[in-house]
Amino acid sequence: GSATNSPLPMIVVRPADTVGDGIPDAWRLAYFPNGIPTNSQSCSTCDPDGDGFATIFSNTPDSRTSSLGFYMTAHEYNGANGRSMRLFGLEDTNSNAFKRYIVVHGADYVVDDDNHAGRSFGCPAVDRKNLDDLINKTKEGSLLLLTYKP
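Residues numbered from 1 in each chain as written. Predicted model: local features only at pLDDT ≥ 70, side-chain atom pairs only at ≥ 80, totals over all residues. Heavy atoms only, no water.

Using the criterion set out here, one finds five salt bridges in the structure. For K139, the salt bridge goes to E76, with nearest N and O atoms at 2.7 Å. A residue pair is termed long-range when its members are at least 10 positions apart, and K139 in the loop between helix 3 (128–138) and strand 6 (143–146) and E76 in strand 1 (residues 69–79) qualify at 63 residues. A salt bridge links D132 to R83; the nearest nitrogen and oxygen atoms lie 2.8 Å apart. Here the residue D132 occupies a position in helix 3, and R83 occupies one in strand 2 (residues 82–89), the gap between them amounting to 49 residues. Sharing partners across several salt bridges, the network here consists of E76, R83, D132 and K139. (Salt bridge = Lys/Arg side-chain N within 4 Å of Asp/Glu carboxyl O. Helix = DSSP H or I, 4+ residues; strand = E, 2+ residues; numbered from the N terminus.)

Listed below in structure tokens is the structure:
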């Protein structure tokens, strides 16, 4: 018989994303069983209306604000906030993340039961009880999305 070059059918399976923000429901449930929240405690200038959601974002060094977009997780290290994980910004909106030292770290002011995550001078801060699991499962090459939905 002769070989054919007909393409094979492609099946694309996308994880469920009922919120529509690009974060799979399974990830959301695993890491934030009470919902992905925000926190105005750590960056009051990022949340001028005090509703718990940042409204000011920047990629500028020393801006102390979050940068939106996709990140790739890098290595872990032990720093001023304890165990932490470096991030590489993958877009124009967050390309300075590595040199700005935007990292994932734990914070005492973040409590999942309180339905709040944190922003520590632009860093995504998480409840310390979830930090080890999060870093162990995502370090060195996972994709992370920091997004804003008004």
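Below, the discussion takes up the side chain of R86. Along the polypeptide, R86 turns up in strand 2. No salt bridge is formed by the buried R86, whose closest oppositely charged neighbour, E140, lies at an N-O distance of 12 Å. A polar contact of 2.4 Å, which involves the side chain of R86, links it to the backbone oxygen of F98. At 2.9 Å, the side chain of R86 and the side chain of Y101 are in polar contact. Among residues more than four places away in sequence, those in contact with R86 are M72, T73, A74, H75, Y77, F98, K99, Y101, I102 and V103. (Buried < 20%, exposed > 50% of the residue type's maximum accessible area, 1.4 Å probe, protein only. Lys, Arg positive; Asp, Glu negative; His and termini not counted. Polar contact = N/O pair within 3.5 Å; in protein donor to acceptor, adjacent residues only side chain to side chain. Contact = heavy atoms within 4.5 Å.)

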